[in-house]
Amino acid sequence: MKLICCPHQTVKACTSCIVKVKAHEDLNEKYKAKITFISKEEWIKDLKTLVENCQSDNDQSMSDSDDEEDQDGEDSEGEMAKEKLTAVYGEEGPSKSYDELLNIKLEMLNSPKKTISAESVKELSKNINQYIRSDMDEETKSYWPLVKSVTVYLPRSQNLLDNVVLIDFPGTGDTNKDRNEMWKRYLNKCTSVWIVSEITRAESDQNASKILRSVLKHIAGGGQCENITIICTKTDIVGIESDDVGNEHHGESSENSENDRKREKILKKNKKVKTNLTRSCEDTAKKMLGNEVTDHKDFIKVFTVSSEQFRNKRNPFLSEEETEFPGLEKHLLEFYVNQIKKDVENYVTEVSGITSFLNVPQKNAKQEAVINTVFTELSGFLNKDLQKVEDFFVKYSDKLQVELNKGVKTAAKQCLQNAENILKPKNKKDYRGYHKTVKALVRNDGIYRTKKGEIHDLNNKLASPLYKSVDMIIISTFRMQQATRNTIKGALNSLQINVFAECDKHQNKIAPLRLVFIKSQLKGVVASLEKGIIDGKKRLYNSLDLSIQKELSPVYIAASSITGPKFLMRVQTMFTERLDKLKNQMFQNAQKEMLLELTKLKGYVINTVEHEMEQHLKLALSQFPEGLDLPDFQEELKKVKIICDDLELRLFYQKP
């Protein structure tokens, strides 16, 4: 994969939309990009907000603030609006009225997608720049504000592994609700998140810190991330510009050359940064997720890389290994292998079951009385053991309710203060321009990610005491990487182990290959439940935010239409009155929604196992039709047995 495929810049984030990079499925394909645009209706809605944010708002500045200093540039919403209008409509865009801009036809809004093909990565990069870069010169029109996402397809190679999708997230926020929702949705799907920062500011990079916390929050809420990798770039710059003259030694040998001194300083700095960042990130992760999640190997990995030295073949002062690119590549490969191992095991399990069933000896095919007895016994055992899984959910629900009760009381007590922390934060010296942030917040149902990447989420802030009370119990129970007795995965693994053992007890009654089929199907059902459980966890976790958002929806709608002076004060009053009236019932309703989602998840798990295994048992123990003549699959059976042994699947294991 060539380095110039995606844009890179040293001053500010330049990728403006989600960019996915993946290998072609077709071996003969070269370079291609598929661009997905926002809808015409979405842009019309956005356009009105952008025009309003561009207009002068001196009369709407917070008159109750005496400070004249705009402390942290809350007018970034206005800046973002100007950037978007300039990009799409040219330099005159920000000065035009809403009606004037509405009358300008934009061809890309007539078609939801666009495909660009190229013969080289350089040509592709050049052709997609205007759709993904926010740093184009003012004379060049660019359409990144209209783009929802871009998928880049590259020729298959060893550097871009099959089934691995690299996603480049915008480093900044957006007023577009759909693009912000997509940001959250894709982040939740990532199994590994890489945070890239220049080494000169890696330890103090606030954006990187915000991204880390955002990732950790998504992990708690159902995200599938299993590893966070911090990549510190441009390590070759450190220690080169100025040397410590006081440490120079006259008459140094040739081995103590200028390059040796550079190398020594760089490696020393890299080691220090890596140690400090690892410790800092691990501490943050443990505070948010607990020791049980973060203690597993390689949850946090830090790499200090130099692409300049990696590509320097003539006179490098760092070895290829010291640039850490080989280590980073190995890290990706190991992660890839761990991910596909599950898919391979599931596939082999399925094939083993089918192959075993096709090899049931014909002489054992008719055992009507015995088969009926075995069906009754296995079905009864499965239902009895499935009750243990249901009991696990009931006990977990009781624990969750106890913690939610505590959270409801705290949330009701703190809600007015928590709302004020978002709508009128006390750490500001000046509220001029902040009304734009609040406007964006109410127009997006209570959540807004600013141009700087800062997240303002009123719903989540109000629900924060509830989340604080349940975070650890949810995280520990839904750990899909570990099968302990306190996890859902552990409860399902126990079910699987017990049923396997019960099957082995019947191996002398019926053809063992029938039992292999039953084992394989149960293993497949349990494996297929994992995605549904993760999705269920996301719905359960997000139910608190969504419930509160629903309760406050009338205020969001009403507040979004307010204009004129004292906007911020009027919005604050509206929320204060609504929260004061509903605070007790609102949080109790949120609690009920979370418990309801857990009940739904329990039903999904129990019903899926019960229904599907009943069908599989019937098939496994069914009578073969008269005259059925199946092909010989003995060789295939021998092969899958060997593969199962290599993968330690124990499907063909029989007790002596």
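Quick notes on the rules
Residues numbered from 1 in each chain as written. Predicted model: local features only at pLDDT ≥ 70, side-chain atom pairs only at ≥ 80, totals over all residues. Heavy atoms only, no water. Helix = DSSP H or I, 4+ residues; strand = E, 2+ residues; numbered from the N terminus. Buried < 20%, exposed > 50% of the residue type's maximum accessible area, 1.4 Å probe, protein only. Contact = heavy atoms within 4.5 Å. Areas by Shrake-Rupley, 256 points an atom, 1.4 Å probe, with all protein chains shown as cover. Salt bridge = Lys/Arg side-chain N within 4 Å of Asp/Glu carboxyl O. Pairing = 2+ DSSP bridges. Axes fitted to C-alpha atoms, helices over the stretch in contact; angles between N-to-C directions. Parallel < 35°, antiparallel > 145°, perpendicular 65-115°, else oblique. Nonpolar A, V, L, I, M, F, W, Y, C, P; charged D, E, K, R; others polar. Phe/Tyr/Trp six-rings, centres within 6.5 Å; stacked < 30°, edge-to-face > 60°. Lys NZ or Arg CZ within 6 Å of the ring centre and 35° of its normal. Expected span 1.5 Å × (residues − 1). Arc of directions from axis to C-beta. Core = buried A, V, L, I, M, F, W, Y, C linked by side-chain atoms within 4.5 Å. Left-handed = near helix turned anticlockwise from the far one by under 90°. Polar contact = N/O pair within 3.5 Å; in protein donor to acceptor, adjacent residues only side chain to side chain. pLDDT = per-residue confidence, 0-100.

When you go through the protein chain residue by residue, the secondary structure sums to 17 helices and 10 strands. The buried share of the protein chain, taken over its 656 residues, is 47%. The long-range share in the protein chain, meaning contacts at least 24 apart out of those at least 6 apart in sequence, stands at 81%. Working note: accessible area of the protein chain is about 34,000 Å², and carbon and sulfur atoms make up 49% of it.

Summed over all chains, the structure comprises 19 salt bridges. The salt bridge partner of E324 is K274, with a shortest N-O separation of 2.7 Å. Of the two residues, E324 sits in the loop between α9 (307–311) and α10 (325–358) while K274 sits in helix α7 (residues 258–289), which places them 50 residues apart along the sequence. Connected via shared salt-bridge partners are E226, K342 and E530.

Here the focus is the pairing of strand β7 (residues 227–233). One face of the sheet, then the other: side chains in a regular strand alternate in exactly this way. Of all seven residues in β7, seven are buried; the element is thus mostly enclosed. Side chains of β7 alternate between two faces, with N227, T229, I231 and T233 and I228, I230 and C232 buried alike. As defined by bridge partners, strand β6 (residues 192–198) adjoins β7 across seven bridges and the pair is classed as parallel. Bridge pairing in β7 places W194 opposite T229.

Ordered by their spatial adjacency, three strands build an open sheet running β6-β7-β8, and the pairing between neighbours is parallel. Each of the sheet's edge strands pairs with one partner strand only, and the pair in question is β6 and β8 (300–304). For this sheet the average axis-to-axis angle between neighbouring strands, irrespective of direction, equals 20°. Summarising the sheet, β7 and β8 pair through five bridges and their orientation is parallel. Counterpart to I231 in the pairing with β8 is F303. Sheet strands touched by α7: β7 and β8. Its angle to β8, the strand with the most contacts, is close to 160°. The strands that α10 touches are β6, β7 and β8; relative to β7, the one it contacts most, it runs at about 165°.

Bringing the packing of helix α14 (residues 488–504) against helix α15 (residues 512–560) into the picture now. Their axes nearest at 10 Å, the elements α14 and α15 cross at an angle of 175°. Between α14 and α15, the angle falls in the class roughly antiparallel. Where α14 approaches α15, its residues I488, K489, L492, L495, Q496, V499, F500, C503 and D504 are matched on the opposing element by L515, I518, K519, L522, K523, V526, L529, E530 and I533. Classifying every residue of the contact of α14 with α15 by side-chain character gives 12 nonpolar, one polar and five charged.

Turning our attention to the environment of G532. Relative to the helices and strands, G532 is located in helix α15. Between the alpha carbons of G532 and V605 there is a distance of 8.4 Å; along the sequence they are 73 residues apart. Aside from chain neighbours lying at most four places away, what touches G532 is R539, L601 and Y604.

Let us look at the packing of aromatic side chains. Evaluation of the coordinates by the stated rule reveals nine aromatic pairs. Ring centres of F37 and Y131 lie 6.1 Å apart, and the angle between their planes is 65°; this geometry places the pair in the edge-to-face category. With F37 in strand β2 (residues 31–37) and Y131 in helix α4 (residues 121–132), this residue pair connects regions lying 94 residues apart in the sequence. Among the residues examined, F37 registers a relative accessible area of 5% and is labelled buried. An angle of 35° between the planes, with centres 4.6 Å apart, marks the rings of Y467 and Y541 as tilted. Here Y467, found in helix α13 (residues 458–477), pairs with Y541, found in helix α15; they are 74 residues apart in sequence, far enough to count as distant. A connected cluster of aromatic rings, assembled from ring pairs, spans F37, Y131 and Y143. Lying over the aromatic face of Y153, K32 brings its terminal NZ or CZ to 5.6 Å of the ring centre.

Right, let's talk about helix α17 (residues 634–647) for a bit. Here α17 spans 20 Å end to end across 14 residues, near enough to the 20 Å set by a 1.5 Å rise per residue. All of the buried residues along α17 are L637, V640 and C644. Looking straight down α17, one finds its buried side chains confined to an arc of 70°; they lie on one side. Of the exposed residues in α17, the ones pointing more than 90 degrees away from its buried face are K639, I642, D645 and D646. Turning to α17, the residues buried within the fold contact α10 and α15. Of the residues flanking the end of α17, it is E648, one or two places downstream, whose phi is positive at about 55°.

This part takes up the nonpolar core. Counting residues in hydrophobic clusters, the biggest one holds 120 residues, and the most contacted among them are I228, L400, I474 and F587. Aside from chain neighbours lying at most four places away, what touches L400 is V470, I473, I474, M594, L595 and L598. Among the nonpolar cores identified, the runner-up in size contains 36 residues, and V88, L101, I132 and V152 belong to it.

Now for the packing of helix α6 (residues 206–220) against α7. Relative to each other, α6 and α7 sit at 35°, their axes nearing to 10 Å. In the packing of α6 onto α7, the handedness of the crossing is right-handed. Taking contact as the criterion, the partners of L212, R213, L216, K217, I219 and A220 in α6 are, on α7, C281, T284, A285, M288 and L289. By residue class, the composition of the contact of α6 with α7 is eight nonpolar, one polar and two charged.

Moving on, we come to the side chain of N459. Mapping N459 onto the fold places it in helix α13. By relative accessible area, which is 3% here, N459 ends up buried. A distance of 2.6 Å separates polar atoms of two side chains, one belonging to N459 and the other to Y556. Ignoring any residue separated from it by four or fewer positions in sequence, one finds N459 in contact with D445, G446, D545, I548, Q549, L552 and Y556.

Right, let's get into the sheet that holds strand β4 (residues 147–154). Within a sheet, each strand pairs with its neighbour through backbone hydrogen bonds, oriented either parallel or antiparallel. Spatial ordering of the open sheet is given by β3-β2-β4-β1-β5, a layout of five strands whose pairing is mixed. Both outer strands of the open sheet, β3 (113–118) and β5 (166–168), are each paired with one neighbouring strand and no more. Going across the sheet, the axis of each strand differs from the next one's by a mean of 15°, ignoring polarity. Where α4 meets the sheet, it contacts β1 (18–23), β2, β3 and β4, and its direction lies at approximately 155° from that of β3.

This part is about unusual backbone geometry. With phi around 55°, K234 is a residue other than glycine that occupies positive phi space. Under the relative-accessibility criterion, K234 is labelled partly exposed at 31%. The residue D445 is not glycine, and still its phi comes out positive at about 55°.

A separate point is the confidence of the model for the protein chain. Averaged over every residue, the pLDDT of the protein chain is 84; residues scoring 70 or more account for 85%. For the protein chain, per-element mean pLDDT is lowest for helix α8 (residues 291–294), which scores 66, and highest for helix α16 (residues 567–620), which scores 95. Considering only residues more than four positions removed or in separate chains, one finds that residues 56–74, a stretch of pLDDT under 50, has 39 contacts. Counting interchain partners and residues more than four positions distant, the pLDDT-below-50 stretch residues 240–255 has 10 contacts.

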